[in-house]
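Listed below, chain by chain, are the residues.
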Amino acid sequence: LFLEQGNIFGTIPSAIGSLLNLKVLDLDHNNLRGTIPEEIYNLSQLLQLDLNSNELTGYLSTQVGNLYNLNSLQLDINQLEGTIPEEVGQLDQLEEGNFS
């Protein structure tokens, strides 16, 4: 699902977690606010998660470890806080990650 640079406003809906066969979620360069919904961590088939360049707040959940197929995780240029969970280190397929 590629919706980058789409001028999307609001929050990421929790219903996104019902797209269980989703491989790519690219929502970068929008105007998304709020936290990363916990339901996003149900997407175990996800290969790429790109949420960079939004206005997301909160933190990256330890449930990120459920996304064991991820090879790219892009969260930079947001207002996330806290530390990167240890579980990110357990994502064996992860080749690229940006968190700043």
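In the block above lies the structure referred to throughout.
The model shown is predicted, which means the values in this text are computed figures rather than measured ones.

## Thoughts on the nonpolar core
As a rule of thumb, nonpolar side chains are buried together in soluble globular proteins. Judged by nonpolar contacts, the single largest core of 22 residues is most densely connected at L25, I36, I40, L49, L51, L60 and V64. Excluding residues within four positions of it along the chain, I36 makes contact with Y41, L51, L56, T57, L60, L75 and L80.

## Topic: the pairing of strand β5 (residues 55-58)
With burial as the criterion, only one face of β5 is covered, namely that bearing L56 and G58; the residues E55 and T57 on the opposite face remain uncovered. In this sheet, β5 lies alongside strand β3 (residues 31-34) in parallel orientation, the contact comprising two bridges. Of the residues in β5, the one forming a bridge with R33 is E55. Where β5 lies against strand β7 (residues 79-80), two bridges are found, and the strand directions are parallel.

## Looking at the environment of P85
If you trace the backbone, P85 turns up in the loop between β7 and β8 (96-98). Between the C-alpha atoms of P85 and N71, which are 14 residues apart in sequence, the distance is 16 Å. Apart from residues no more than four positions distant in its own chain, P85 is found in contact with L60, S61, T62 and V64.

## Focus: the sheet that holds strand β4 (residues 48-50)
Within a sheet, neighbouring strands are paired by backbone hydrogen bonds and run either parallel or antiparallel to one another. Spatial strand order, β2-β4-β6-β8: four strands in an open sheet with parallel pairing. Edge positions in the open sheet fall to β2 (24-26) and β8, since each of these has one partner strand only. Averaged over all neighbouring strand pairs, the angle between strand axes comes to 10°, with direction disregarded. Pairing of strand β6 (residues 72-74) with β8 involves three bridges; the strand directions are parallel.

Calculation criteria
Residues numbered from 1 in each chain as written. Predicted model: local features only at pLDDT ≥ 70, side-chain atom pairs only at ≥ 80, totals over all residues. Heavy atoms only, no water. Core = buried A, V, L, I, M, F, W, Y, C linked by side-chain atoms within 4.5 Å. Buried < 20%, exposed > 50% of the residue type's maximum accessible area, 1.4 Å probe, protein only. Contact = heavy atoms within 4.5 Å. Helix = DSSP H or I, 4+ residues; strand = E, 2+ residues; numbered from the N terminus. Pairing = 2+ DSSP bridges. Axes fitted to C-alpha atoms, helices over the stretch in contact; angles between N-to-C directions.

Bear in mind that shape data such as this cannot, by itself, settle questions of function.
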